[in-house]
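Listed below are the residues making up each chain.
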Amino acid sequence: MEIVEHYLYTKEHEWINMEDGTGTVGITEYAQSTLGDITFVELPNVDAEVEQFEPLTSIESVKSASDIFSPMSGRVVEINDELSEDPGLINRSCYDKGWIAKVEISDMDESSNLMTAAEYGSYLESLEREGEAEGDE
Amino acid sequence: MNPYIANTQTDVRAMLDAIGVKSVDALFVDIKPEHAPKSFDLPQGLSEFEVMERLRLLAAKNTGALVPFIGGGYYDHYVPAACSAIISRGEFYTAYTPYQPECAQGTLQALFEYQSSICALTGMDVSNASLYDGGTALYEAMMMAIRITGRKKVIMDGGVSPIYRKLIKSYTHNLHFEFIETPVVHGQSDRVAMAKLIDKDTAAVIVQNPNFFGTIDDHSDIVEKAHAAGVIVVSSVYPVSLGLLKTPAEMGVDIVTGEGQSLGLPLNFGGPYLGFMATRKKFIRQMPGRIVGETVDADGRRCFVNTLQAREQHIRREKATSNICTNVALCAVQASVFMSLLGRQGFRQLAQLNLDKAEFAREVLGKVPGVEVKRSSPTFNEFTVRLPKDASDVVEAMIPRGFAAGFPLGRYYPGMENYLLVAVTEKRTRAEILSFAKVLAEVLR
Amino acid sequence: MKLIFEKSVSGRQGFKLPVSDVPVQAKIADRFLRKAEAVLPEVSELDVVRHFTQLSQLNFSVDANFYPLGSCTMKYNPKFTEKAAGMPGFAELHPLLPQLKGGDRYVQGALEVLYDTEKWLCEITGMKAMTMQPLAGAHGELTGIMLLAAYHQAKGNKKKYIIIPDSAHGTNPASAAVAGYEIISVPSDKNGGMDIDKLKAVLTDEVAGLMMTCPDTHGVFNSQVSEIARLIHSVDGIMYYDGANLNATMGRCRPGDVGFDVVHLNLHKTFGTPHGGGGPGSGPVGVGEKLEKFLPISRVLKRADNTFVLDYNYPDSIGYIASFYGNFAIILRAYAYMLLLGGDGLKATSDHAVLNANYILTRLKKYYQVAFDRICMHDCLFSASKQTERGVHAIDIAKFLIDQRIHPPTVYFPLTVKEAIMIEPTETESKETMDVFIEAMIKADELSKSDPHVFHAMPVTMPISRPDETKAAREMNVNFFAPRA
């Protein structure tokens, strides 16, 4: 499962890439492959205030609707308009062209609540082990 | 003996042996003695013949003999035999929600065609695959407007069916919405009152065309004012009238609903009916209910599926657009057969025929001494007359003389006790209308 | 197959209207008129009949196919009940007639049908009173939750939450949310029933009630139901019974006797009325003493002289939840069904529904992972987990069955079981039919070992196979006349 080295991650499988006080947010490879073909991205409003780990927006696939949570608190400063025409961008390029929103971060200290790429990698492994255990029951 | 159970004693034995239990009772071990019914006192079963005989007697206690001039949103239109024949086919009648599109293309395509016909009739972009009935559809439209705008004030035209208004009030009793009803002036929506009320806190203006009094209106100006304040306009329409009348889309309305009973469904003493809903494409994700969409299969062949299901309760659970699960698919198919039979010209002719008969009745009743027919606003196939005495007494006196004379408005509109709402469909003949006027004259004498 | 619009030929018409016999040609002012005619199809009556007949032949149905769709109770719908509903004395009855002064005299037969149906459904469920108005199961749920809310409001209770087991139908949380409640989901224990310890952990004074399907969607009758009711009642909560699965327990257990305060039923599941490709249904709601005064209006009363009347005089009523008296023509079918079967016939119905499900459960156990290894009620629940390891999923098995002319069971529900396959044969199916189904399921398992890749092309015998649902959702082409994306 692809993980980008310098991004930070949440347990709900969002990533954030922080540069100069602004964080670009998207969902991970694991999230997009679990969701399947994405059919709709409800984009947040520019200027919306968001809290860490609170719903930022939602994504639909054919048979699911999932909330996307903001990795950091702040204000939405830009959204990826291309997703309204082509939600499949997330499936094809979840870490790059399929970004969802840019957030002006209000509290950098919150980043300590996020996982590094390495931590997220082991988190994914632990999920896989749990899944197997469930299957054995 | 139960004719719907195939298992013989031998089958039961064989199945119990396979399962490895001694008796059917053993399969109910989880139901403990303390759960046993305190009573289960039901009548003995009857044969099919005996049941039919009993129902025939009950049906005879109802009257099929009254000549109906009663409407109120539910009309005595003719139901073509082909409508009933098609929906009696077991393949439609005994199928369920098309969860597996490969073995449900019949229902899916029929519903896609239904949606398309509703769009053709209303002029709107998109329709759902039906809701329960006209009243619940209007409630769903109001909730949709509240979701779209995030506002909680609703302006309701007093010309909207009081049956619908009562229902919506029950539903929203706990939900802290602000409801404001505006009066009806000369039979039409009160523009002045509405203009004063429309503001940035308003979610929706709800109107009806023709309204409960049968009056025709053009709501374009109200739509313009509403849109300027970001307000959604919902219109409840009577589908047969759309054979002639300006479409809600032409007026700029955002959400259209209506009672589809007049599209080939019997009156059925109140149901099942058909709620239809259509809207603009940009609001499709906020629309409740099933929606059928076109796609292609693995080999590129055109086909149809339930789509945008992520809005619905089976996926989104408590965050769904509505709690509605199934709709009234069979009624939608019936309506689709009806619209296809009538077709482009037939549908217009049907509307014209209703209008002509009602206009004739209006003229004839206007000549009955003591009866006053208001002519200030145009009407479609239903209109109000003012009687010299309480309309409910007049109606009561007309029933033994063979007429369901109309609906007394005093039941829902205090102060209008002398007003009678009279409906005339294509089924009423000149002779019936003349006879109705004659008997009314006698009763009023 | 072509759409009816694509068969349209200008000038054709499939219905003959009467020639106007009135000397009036009315004209409405132009500003009230539509600019152009609605582009409905122009076809002959035969065109219409053949079109819809051909469409119907693309459907699987109970009349033509085994249809073991779990949790939907796809039993046989007796033909005579449709004929009964078509009697002009019922079908042509205007719903406003009884609201006219003196009008109730002319609908006595219809009111008697409503009254008797209510009475019998009360006896079947152990409830005190019932409203026939809800137009479908989900509508019944909403009505039930509104009754519960009215109860708490009248008592001045401050309630916020409805507890719902994770195995519930999606309509439960959706209905509770629409009525203004927040949802607490409680997980199931290893036997498939609700986990009582987890229930205790979330039980507070703010709990308005519990919605419970009994037996639940795992096909399990929870033996601890009385204990659960005691817990909920200890915080003055209301016990809500989702009657989706009543077909398992008629004559064996009545919700009213085990602590439920309000129930909704699905006449289209338990009482033999048609599913119609997705409605119309009917979802009557019954209540015990606590909630009776809140029932919707109108209510049908029997007078001392054995005549019937609609009564609107209930000051505590939640008001109107339907335009009229419910889906009358559906209620009438259920009434006819109950008249024919009687009490013994209804009990036999549940006995055979449970027997049939257990037979399938037993025979398929060797081949498919059972979700809960125990006796089931009228549904049996498997997981395609073993087959999934071979690359064959529940959906693939469903498509395989379509090629065998069998309607697939419910798949991927309940959400609590991975790759769920939920089978409900109902009482009306014969052992021979079930044996054919069982053999087909065994064949699917064998194929998943020998030839797993063949599944992905299935079904191969139908006019279409594996529609692209992503394309449908992305492009949203839902109207023939709209420009294509």
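Not measured: the values here are computed from a predicted model.

Engineer: Help me understand the overall build of chain A, please; the structure alone is not making it clear to me.
Structural biologist: Per the secondary structure count, chain A includes four helices and nine strands. Order of helices (α) and strands (β) in chain A, N terminus to C terminus: β-β-β-α-β-β-β-β-β-α-α-β-α. The C-alpha atoms of chain A give a radius of gyration of 15 Å, which matches the 14 Å a tight globule of 137 residues would have. The buried share of chain A, reckoned over its 137 residues, is 50%. Residue pairs at least 24 apart in sequence account for 64% of intrachain contacts in chain A once pairs closer than 6 positions are excluded. Summed over its atoms, the accessible surface of chain A is roughly 7100 Å², and 43% of this surface lies on carbon and sulfur atoms. Of note, chain A has its 7 positive side-chain charges centred 5 Å away from the centre of its 33 negative side-chain charges.

Engineer: Help me out: how do you make sense of the pattern of salt bridges in this one?
Structural biologist: A side chain with one charge can pair with a side chain of the opposite charge if their charged atoms come near. Across all of its chains, the model carries 58 salt bridges over all chains by this definition. Across the pair A:D86 and A:R92 runs a salt bridge, and its minimum N-O distance is 2.6 Å. For A:D86, a relative accessible area of 26% puts it in the partly exposed group. For C:K449, the salt bridge is made with C:D445, and the minimal N-O distance between the two is 3.5 Å.

Engineer: So what exactly am I meant to see when it comes to the packing of aromatic side chains here?
Structural biologist: Given two aromatic rings, one states the distance between the centres and the angle between the planes to describe the pair. Throughout the structure, instances matching the rule amount to 36 aromatic pairs over all chains. Ring centres of B:Y96 and B:Y99 lie 6.2 Å apart, and the angle between their planes is 75°; on these two criteria the pair is classed as edge-to-face. Residue classification places B:Y96 among the buried positions, given a relative accessible area of 5%. By relative accessible area, which is 36% here, B:Y99 ends up partly exposed. Taking 5.8 Å as the distance between ring centres and 70° as the angle between the ring planes, the aromatic pair formed by B:Y238 and B:F380 counts as edge-to-face. Of this pair, B:Y238 sits in the loop between β8 (232-237) and α10 (248-251) while B:F380 sits in the loop between β13 (372-373) and β14 (382-386); the two residues are 142 residues apart in sequence, bridging distant segments of the chain. For the pair formed by B:Y238 and B:F380, the shared burial category is buried. An aromatic cluster of at least three residues, connected via ring pairs, comprises B:Y74, B:F269, B:Y273, C:F90, C:F324, C:Y325 and C:F328.

Engineer: What am I meant to see in the sheet that holds strand β3 (residues 182-186) of chain C here?
Structural biologist: The strands making up a sheet are joined through hydrogen bonds of the backbone, oriented either antiparallel or parallel. Residues and elements named next belong to chain C. Reading across from one edge, β1-β7-β6-β5-β4-β2-β3 is the order of the seven strands in this open sheet, with mixed pairing throughout. The two strands at the open ends of the sheet, each matched to only one other strand, are β1 (129-131) and β3. If you compare each strand with its neighbour and ignore which way they point, the axes differ by 20° on average. Where strand β4 (residues 207-213) meets strand β5 (residues 238-242), five bridges bridge the pair, whose relative direction is parallel.

Quick notes on the rules
- Counting of residues starts from 1 at the beginning of each chain's written sequence and follows it residue by residue.
- The lettering of chains begins at A and the numbering of ligands begins at 1, in the order of writing.
- In keeping with the predicted nature of the model, local features appear solely for residues at pLDDT of at least 70, side-chain atom pairs appear and are counted solely at 80 or more, and the whole-chain, interface and lining totals rest on all residues.
- Side-chain metrics in this entry use all non-hydrogen atoms of the structure; hydrogen atoms and water are not considered.
- Helix and strand assignments follow DSSP, with helices taken as H or I runs no shorter than four residues and strands as E runs no shorter than two, numbered in order from the N terminus.
- Throughout, the radius of gyration refers to the C-alpha atoms, and the reference size of a globule is 2.2 Å times the residue count to the power 0.38.
- Burial here depends on accessible area, computed with a 1.4 Å probe over protein chains only, as a share of the maximum for the residue type. Under 20% is buried, over 50% is exposed, and the range in between is partly exposed.
- Contacts between residues were defined by any pair of non-hydrogen atoms, one from each residue, lying within 4.5 Å.
- Note on areas: these come from Shrake-Rupley sampling with a 1.4 Å probe, and a residue is covered only by the protein chains present in the view.
- Asp and Glu are treated as the negative residues and Lys and Arg as the positive ones, with His and the ends of the chain left uncounted.
- A single reference atom marks each charge: NZ on Lys, CZ on Arg, CG on Asp, CD on Glu.
- Counted as salt bridges are all cases of a side-chain nitrogen of Lys or Arg within 4 Å of a carboxyl oxygen of Asp or Glu.
- Working definition: rings of Phe, Tyr and Trp (its six-membered ring) pair if their centres are within 6.5 Å, and the pair is stacked with planes under 30 degrees apart, edge-to-face with planes over 60 apart, and tilted otherwise.
- Two strands are counted as paired when DSSP detects at least two bridges linking them.
- Axis definition: a line fit to C-alpha positions, over the contact stretch in the case of helices; interaxial angles, taken between N-to-C directions, run 0 to 180 degrees.

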